Amino acid sequence: MVVVEDDGELRKQMVQLLGTAPDIRCVGAFASGEEALKEIPGLKPNVVLMDIQLPRMSGIRCMAELKKLVPGLRVIMVTIYEDSDRIFKALKAGANGYLIKSSHALQILEAVRDVDGGGAPMSSHIASKVVEHFHLIGPSPEAEVNLSPREEQMLNLLCSGFLYKEIADKMNIKVTTVRYFVQNVCQKLHVRNRVEAVARHRAKSG
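### Here's the deal with helix α3 (residues 59–69)
Move 1: Buried residues of α3: G59, I60, C62, M63 and L66, and no others. Mapping the buried residues of α3 onto a view down its axis gives an arc of 160°, with all of them on the same face. Seen from the open side of α3, the exposed residues pointing more than 90 degrees away from its buried face are R61 and K68.

### Let's talk about unusual backbone geometry
Move 1: Unlike most non-glycine residues, K44 shows phi in positive territory, near 50°.
Move 2: As for its position among the elements, K44 is in the loop between α2 (33–43) and β3 (47–51).
Move 3: Judged by its relative accessible area of 62%, K44 falls in the exposed class.
Move 4: Phi is positive for R56, close to 60°, though the residue is something other than glycine.
Move 5: Relative to the elements of secondary structure, R56 occurs in the loop between β3 and α3.
Move 6: A relative accessible area of 69% places R56 in the exposed class.

### Quick look at the side chain of S32
Move 1: With respect to the secondary-structure elements, S32 resides in the loop between β2 (28–30) and α2.
Move 2: What makes S32 buried here is its relative accessible area of 9%.
Move 3: Residues contacting S32, with those up to four places away along its chain left out, are V4, L54 and R56.

### Here we look at the pairing of β3
Move 1: Taking burial as the measure, the 5 residues of β3 include 5 buried ones, the bulk of the element.
Move 2: What you see with β3 is no split at all: V47, L49 and D51 on one side and V48 and M50 on the other are buried throughout.
Move 3: Relative to β3, strand β1 (residues 2–4) is paired through 3 bridges, and the arrangement is parallel. For V2, the partnering residue across the bridge sits in β3 and is V48.
Move 4: By the bridge criterion, 5 bridges tie β3 to strand β4 (residues 74–79) in an arrangement that is parallel. Across the sheet, the residue bridging to L49 is I76, located in β4.
Move 5: One crossover worth recording links β3 to the parallel β4 by way of α3, and it is right-handed.

About the cut-offs
Residues numbered from 1 in each chain as written. Predicted model: local features only at pLDDT ≥ 70, side-chain atom pairs only at ≥ 80, totals over all residues. Heavy atoms only, no water. Buried < 20%, exposed > 50% of the residue type's maximum accessible area, 1.4 Å probe, protein only. Helix = DSSP H or I, 4+ residues; strand = E, 2+ residues; numbered from the N terminus. Arc of directions from axis to C-beta. Contact = heavy atoms within 4.5 Å. Pairing = 2+ DSSP bridges. Right-handed = clockwise from strand over helix to strand, strands pointing away.

Here it is in structure tokens:
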């Protein structure tokens, strides 16, 4: 995996943290989006921890470009920002997970493992913003991009601070199913964004 973080001290701390996990191998660390775009395609990592607020090229733009160059790349956005606009710009641009920089070290390591296994790490704060977003914009005419009752139940439990294992127990499902639900919600955000963009384009064209 690779770290992209412009703060030198924090970048060093992240690399050191990843080095404590025997099942995680950090193959690079870069200070800018431009450097990341130049070097990461050759390294072909599975996962990137990406700072959202990089100098010049933003982390969101860098992620979008990298995903074109490295098929299957999984990106976790890491940031001090918790505002909805940044969260949804990142998720809708294809982020596979979103962590706050104040997250505990163990949470960061678990998030890396989770996203590498196909999951979509989402803190209780982010889950709250997702629920708020879907409620605010209302149901979509495209039924398949609305939240299912089970997905909403899962998100509400996440909002309450329950861990994946606890949610699995409460919903009588497997932890892998919880991960699937979270991943599917993120995918619906991506799809819904595209559906809304097409609808707006058609409305303007008409």
